[in-house]
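The chain contents come next:
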Amino acid sequence: DHDGIGDACDLCTDIDGDGAGNPGFPANTCAVDNCPTAANPDQADGDREDALLSQWAFSATASGEFSSEDWSAVQATGSPDVPDCVDDPRAWAPLADGAGPEWLEVRYDTAVYATGITVYETAVFGFVYQIDLIDTQEIYRPVWTGTDPASCGTSFTASWAPTSYLVVGARIHTQSDSYEEID
């Protein structure tokens, strides 16, 4: 960004000079620029929708549901309402317990350049093994695979650099010897 500091060490790589940093520079400590090629210090220009936005899912489907109401996929929409560490019908649970893979797919109101997801696990923990993001063309793009470190009283958060594509949803892949539950 021609400020005399190499981009790898620059705490705010800001090509357009408006004080907000360009996406994709891990050393940035400044806010992410919502329009990195046009200066807009107040960030009111919304040409790109990558300003920080936290949102709850508004719809959900799953590989299976314990029932069509209690423990259904729709229970994973909106803000969490299940206390930590309990089996509760206000969370999604699959049709059957067992070691087979399951998935929960959630959709969001606003398409964004995603940087992470938080999964609120209840009753059983550490069962997420993959996260796919769904772009505006309905293409499923794996962004995280690994071991879920969640335990009772914590949620699971995966994060990554801002996506280069707009995201409208996520598919959360799970596997547990028991009934996994997501609120």
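Above this text is the structure in question.
Rules and cut-offs
- Residues numbered from 1 in each chain as written.
- Predicted model: local features only at pLDDT ≥ 70, side-chain atom pairs only at ≥ 80, totals over all residues.
- Heavy atoms only, no water.
- Phe/Tyr/Trp six-rings, centres within 6.5 Å; stacked < 30°, edge-to-face > 60°.
- Helix = DSSP H or I, 4+ residues; strand = E, 2+ residues; numbered from the N terminus.
- Buried < 20%, exposed > 50% of the residue type's maximum accessible area, 1.4 Å probe, protein only.
- Lys NZ or Arg CZ within 6 Å of the ring centre and 35° of its normal.
- Disulfide = S-S within 2.5 Å.

Q: Please clarify how the packing of aromatic side chains should be interpreted in this entry.
A: Aromatic ring pairs: the centre-centre distance and the angle between the two ring planes describe each pair. Counting across every chain of the model gives four aromatic pairs. An angle of 90° between the planes, with centres 5.5 Å apart, marks the rings of Phe 66 and Tyr 179 as edge-to-face. Highlighted residues: Phe 66 in the loop between strand E1 (59–62) and strand E2 (101–112) and Tyr 179 in the loop between strand E8 (167–175) and strand E9 (181–182), separated in sequence by 113 residues. Judged by relative accessible area, Tyr 179 falls into the partly exposed class, the value being 27%. Over the ring of Tyr 165 we find Arg 141, and its NZ or CZ is 3.9 Å from the ring centre. Here the basic side chain of Arg 171 rests over the ring of Trp 103, its NZ or CZ set 3.7 Å away from the ring centre.

Q: Would you take a moment to explain the state of the cysteines for this structure?
A: Two cysteines, two sulfur atoms, one covalent bond between them: this is a disulfide. Tallied over the entire structure, the rule returns one disulfide. Each sulfur of the disulfide joining Cys 85 and Cys 152 lies 1.5 Å from the other. Handedness here is read from the sign of the S-S torsion; for Cys 85 and Cys 152, about 120°, the answer is right-handed. On the criterion of sequence distance, the pair formed by Cys 85 in the loop between E1 and E2 and Cys 152 in the loop between strand E6 (140–145) and strand E7 (156–159) is long-range, its members being 67 residues apart. When its relative accessible area of 47% is taken as the criterion, Cys 152 is described as partly exposed.

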